[in-house]
Amino acid sequence: MAFIKKKANKNESYYMASQWTLMGRKLKKHKLAKLSLLILGILYLGVIFSGFIAPYGLEDYDKLYQNTAPTKIRFYHEGEFIGPFVYSLEKYNNPETFRVEITEDTSEYYKLKFFTKGVKYKILGLFESDIHLFGTDVGSNGSTSGKVMLFGSDQLGRDIFSRILYGSQISLTIPFASAAISFVLGITIGSISGYFGGVIDNIIQRIIEVLGSIPSIPLWMAMSAAIPAGLSTVKMYLLITIILSLINWCGIARVVRGKFMSLKNEDYVMAARIAGVNDAVIILRHLVPGFLSYLIVSITLSIPSSIIGETSMSFLGLGIRSPATSWGVLLDETKNIANFSQYPWKMIPLFFVILAVLAFNFLGDGLRDAADPYK
Amino acid sequence: MAEDYILKVENLHKTFTSKKISVRAVTDVSFNIKKGETIGIVGESGCGKTTLGRCIVRGIEATEGKVIYKSLHGKEYDFLNIDKKTMKNIRKEIQMIFQDPYSSLNPRMTVLDIIKEPLRANFPKMSKNEMEERVKDIAAKVGLNTSYLMRYPHAFSGGQRQRVGIARALVLKPQIIVCDEAVSALDVSIQAQVINLLRDLQKEMQLTYIFISHDLSVVEHISDKVGVMYLGKMVEFANTEEMFKRPMHPYTEALLSAVPVADPSIKIERIALDGEIPNPANPPSGCYFHERCRYCISKCRTDVPEQEEISPGRFVACHRAKELDLRGFEYEE
Amino acid sequence: MESVTAINKKEHILEVKDFKVNIRTDEGIITAVRGIDFNIKKGETLGLVGESGCGKSLTSKAILGINEKICESLGNIFFDSNDYGLIDLVSLNPKGKDIRNIRGKEISMIFQEPMVSFSPMYTIGNQINECTRLHITKDKAKSKEISLEMMRKVGIANVEKRYNQYPHEFSGGMLQRALIAMALVCRPKLLLADEPTTALDVTIQAQILELMKELQRELGMSILFITHDLGTVAGMCDRVAVMYLGKIVEIAPVEEIYQNPKHPYTKGLIGSVHKIGNKKEERLFSIEGTVPLAMNLPPGCGFYERCEDRIEGLCNRAEVDLVSIGNEHEVSCFACDHEACKAFRAKVEAELDGNIGGN
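Residues numbered from 1 in each chain as written. Chains lettered and ligands numbered in written order. Predicted model: local features only at pLDDT ≥ 70, side-chain atom pairs only at ≥ 80, totals over all residues. Heavy atoms only, no water.

Engineer: Sorry, what's going on with the side chain of B:Glu236 here?
Structural biologist: All names here are of chain B. For Glu-236, the position within the fold is in strand 10 (residues 233-239). You can call Glu-236 buried: its relative accessible area is 0%. Within the structure, Glu-236 has its side chain in polar contact with the backbone nitrogen of His-249 (distance 2.9 Å). Among the polar contacts made by the side chain of Glu-236, one reaches the side chain of Thr-252 at a distance of 2.7 Å. Every residue in contact with Glu-236, bar those within four places of it in the chain, is listed here: Val-226, Gly-227, Val-228, Met-243, Pro-247, Met-248, His-249, Thr-252, Arg-314, Phe-315 and Val-316. (Helix = DSSP H or I, 4+ residues; strand = E, 2+ residues; numbered from the N terminus. Buried < 20%, exposed > 50% of the residue type's maximum accessible area, 1.4 Å probe, protein only. Polar contact = N/O pair within 3.5 Å; in protein donor to acceptor, adjacent residues only side chain to side chain. Contact = heavy atoms within 4.5 Å.)

In structure tokens, the structure reads:
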């Protein structure tokens, strides 16, 4: 009997499940979306704790480590197991070629350690600390020249791994900020367009069409040319966000308008009107919840294009500029074909761009499948 | 006798206008309904019956005409043309039940909220408990299990959803209910349940129905009077039995002959109508039906027939109504 | 092997044997068709009647192998094919060449919604022709001639002009005629008509039914007529099978079904349709309750919960089967008062008692 009762309760919870609960349940069944959610979770943890996870600071560089390949992590020093460690590098004049070559200095080892002390950083701008997740220990002779650079280093000898993390702070948040702005703009303008219709609708639609017909890269170029040089990173960040969202809201406004128009003719909206419910309540209770889920989907799907937008702007030197960094800035170096072929590890930031874009796309897909409460 | 009505529809017109064309969906429809009666409105798709229903409840605005509602105190209001304040009081007297039990309930609200919404809109001062009491009363009346009220519509079958729609219409204690194809989307056995429910409720709450349907046997069963619509016009209006026994408009005759009868022993000679229903944006001259009518004479092609009261309460719009002897159904004695 | 020999090739065109459809869903497997047997004679119209969800459409689609992937067909559907001889349609690969040769040519289907059955991108003629070119002749002029002839036959006026028009230029009734022309252009032996007139107005509906009967006489085909509307069944079919919850509960010639229904569900269905001209009965006869979900069904008769004649301890414990009560009439009900049913009931009761005794 207990079993039957349990079964009944399970059914009852299904019957009493709101649209959001059902959506959550369906999303749980979408494997790719779940995986994407996990990946995005990890990436955003990286955004929050970038200072802690990155072994080096944003502006740290080391002349010795220019353009070095990812550091090899070793376990045996002179045939003896001593746990994970790295060797430092040394310059070496090759007598035959007369070229300066960089080789591993195997005389001294630097053990890898968790929770090492390093540059100071702040988490979320609140908690200051100088403890890093991992780093190299001081060598036995007291030297600190051993460095661990998981993804290698760039031209100036900066750790690419750390810079990817710092870059994600911009590359993964600008899309959110700009999505939020376009969300507000899109809903407001789209609702006005859909609810009033007629002339207002016509004007708004034409504006959207004009905005949509401007090719985005020249538009960005024009807009960022208008950004005065020498702005602080924060201001630059805000301006780029606004530039990106000015283009994005058009799509959302269209979705909102279309949904408004189709939902306006649903029988349940007419039923409410016949029952004497006033317009504001109809909009809030019947229309907006009707397209909110679709909106979330379309916003999720619009984030990847923002990520790519920011990356391409920075890549073209129009967005964030050094010393601040974003994924686009990191990829800037790969513009040079020699860099590209000699130092392939400089392409690693690209992998993160692709990962984030794919994850958002799959999540959006999953949300879209889950959003239909009737299926 | 003429004053004995609860709702009087007078010369109702509805024209849909888009940029280039205007379509007359409802043309000059007039009829009276007495309290407690059921009026059936039948016709084929595109004949304007749904538009007519929606104009009466002001789901859409009529272009022209009057819908006069006589309240219980004998006061008359033109429902289509009253000030906002009176409208607020009167609106709840005329409610509607929709065809599609799926699209007429908001999938994002619980059944309790759906039935409660009209109360919240019309009685803002009513306490929450009182509202829920009323919802429970009405839900029990329409045969919904009150323990299911917290469920969302997706948990209900078509028939149960239609009961929710009926409860929503009844919770304001209206006088008149427009049922727009209220049972058409339901399975046969469920249809019978809902029709029986509607009749029981009518008796209990002295409701007046305007029952819009394309299903003639359902209409014959439930209605006291029937109006037949063709291309936006009401071509015939009469007592149900009179009309089904002896239709007076050729279109009614053809419509009746086409009704499938659930009895293989009865063989009906069907009257085949030539052609299709004309485009309402470009209706024929004269009588709208003349191109398909087998009794058509030259007058029909040029003159528009007026609605005529052939016998008390029986209206026909046909030039030859008096001379024709048309065939209907045989009734058991 | 018994089943293969059982198909009477002279009389029957289709025999369905112990046919089941399982649907895989997120919540588990639903057996939507739970073992049905019926046959269609040459030249006859068999009505398959039931309410939504009873499995009637699944059955018809399974004959052509066009159910969705999540549906699994079990059992046998024997078809007497011109090209293949006796063939079991269930065993064919739904994407294979064989079934595609049969589809449209020997068995074809018309659907409820003519509007969505045509592609809006091609002319009507083009789409009717597609079938001719696929199955009859590759010759363009010849195939057009065949298509035009069929269009004339279904009562489309002005065919030369109509041939080059697009679906949106047709009215609903005309489009249904065109759909019938497309289905019949290869002169199939069996036509599956899935609610062909439900979406149409009554006057058009009457025309289409007349047309189908006429064409049937002319082409000598068999029709499986699927509907929920008992009115059209009465005028259209020779025999009727009533389905409820994935099972056939009663099957009989049409007059027999209407005059002498045996199963409580059939009685209920017929009773709940109002007949015009009957003295005003105050209430319609109605079957209480709703169709249960086809998942986790309790043992016994699927109609048990809603049945007025149910026998507690029997109907909800033992599976009931179709029993022939003569005159081609079969019914599956323990409460039926016919001798054959009583005998069946006694047998089942004895088995049940035996089980109890054994325990």
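More follows now that the structure is in view.
Engineer: Which parts of the structure should I look at to understand the packing of helix 8 (residues 172-184) of chain C against helix 9 (residues 202-219) of chain C?
Structural biologist: The relative placement of two packed helices comes down to the angle between their axes together with the axis-to-axis distance. Residue and element names in this part refer to chain C. In the contact formed by helix 8 and helix 9, the axes pass within 10 Å of each other and the chain directions differ by 20°. When the interaxial angle is binned, helix 8 and helix 9 end up roughly parallel. The crossing of helix 8 and helix 9 is right-handed. Residues Gly-173, Gln-176, Arg-177, Ile-180 and Leu-184 of helix 8 form the contact with helix 9, whose own contacting residues are Ile-204, Gln-207, Ile-208, Leu-211, Met-212, Leu-215 and Leu-219. Across the contact of helix 8 with helix 9, the residue classes tally to eight nonpolar, three polar and one charged. (Axes fitted to C-alpha atoms, helices over the stretch in contact; angles between N-to-C directions. Parallel < 35°, antiparallel > 145°, perpendicular 65-115°, else oblique. Left-handed = near helix turned anticlockwise from the far one by under 90°. Nonpolar A, V, L, I, M, F, W, Y, C, P; charged D, E, K, R; others polar.)

Engineer: Explain the domain arrangement of chain B to me, please; I cannot follow it from the model alone.
Structural biologist: A common way to express how large an interface is: the accessible area buried when the components associate. Residue and element names in this part refer to chain B. Partitioning chain B into structural domains gives domain 1 (7-223) and domain 2 (242-316). The straight-line distance from the C-alpha centre of domain 1 to that of domain 2 is 28 Å. The interface is formed by nine residues belonging to domain 1 together with nine residues belonging to domain 2. Scanning the region where domain 1 abuts domain 2 turns up zero salt bridges. For the side of domain 1 that touches domain 2, the secondary structure elements donating two or more residues are strand 2 (22-33) and helix 7 (216-222). Looking at the side of domain 1 that touches domain 2 element by element, the count peaks at four residues for strand 2. Across the side of domain 1 that touches domain 2, the residue classes break down as three nonpolar, three polar and three charged. (Domains from an automatic or database assignment. Salt bridge = Lys/Arg side-chain N within 4 Å of Asp/Glu carboxyl O.)

Engineer: How do you make sense of helix 10 (residues 267-274) of chain A when you look at a structure like this?
Structural biologist: In an α-helix, one turn spans 3.6 residues; hence positions three or four apart end up facing the same way. Most of helix 10 of chain A sits inside the fold, with seven of its eight residues counted as buried. Backbone geometry just downstream of helix 10 of chain A places A:Gly276 in the positive-phi region, at approximately 90°.

Engineer: Explain the environment of A:Lys26 to me, please; I cannot follow it from the model alone.
Structural biologist: Assignment of secondary structure puts A:Lys26 in helix 2 (residues 19-29). Measuring from C-alpha to C-alpha, the distance between A:Lys26 and A:Asn248 comes to 28 Å, with 222 residues separating the pair along the chain.

Engineer: What exactly am I supposed to notice about the side chain of A:Ser178 here?
Structural biologist: All names here are of chain A. Its location among the elements puts Ser-178 in helix 6 (residues 174-196). With relative accessibility at 0%, the residue Ser-178 sits in the buried group. Side-chain polar atoms of Ser-178 contact the backbone oxygen of Pro-175, separated by 3.3 Å. Beyond its immediate stretch of four places on either side in the chain, Ser-178 contacts Thr-241, Leu-244, Ser-245, Asn-248 and Ser-306.

Engineer: What is the right way to look at the interface of chain B and chain C in this model?
Structural biologist: If you look at the interface, chain B gives 41 residues, while chain C gives 44 residues. Contact with chain C buries surface across chain B, with B:Val188, B:Ala262 and B:Pro264 losing the most and accounting together for 16% of the total. For the pair chain B and chain C, the interface holds zero salt bridges. Counting every contact that joins chain B to chain C gives 10 residue pairs in polar contact (both at pLDDT 80 or more). At the level of secondary structure, the elements contributing two or more residues to the side of chain B that touches chain C comprise helix 6 (188-205), helix 7, helix 8 (240-245) and helix 9 (250-258) of chain B. For the side of chain B that touches chain C, the element with the most residues is helix 6 of chain B, which contributes 10 residues. Here the side of chain B that touches chain C is built from residues that sort into 18 nonpolar, 10 polar and 13 charged. (Buried area = accessible area lost by both parts, 1.4 Å probe.)

Engineer: I would appreciate a short explanation of unusual backbone geometry in the present structure.
Structural biologist: Trans is the common state for peptide bonds, and a negative phi is the common state for residues other than glycine. Residue and element names in this part refer to chain B. Positive phi is not limited to glycine here, since Lys-173 has a value of about 55°. Structurally, Lys-173 can be placed in the loop between helix 5 (158-170) and strand 7 (176-180). In this structure, Leu-231 is a non-glycine residue whose phi angle is positive, near 50°. Relative to the helices and strands, Leu-231 is located in the loop between strand 9 (225-230) and strand 10.

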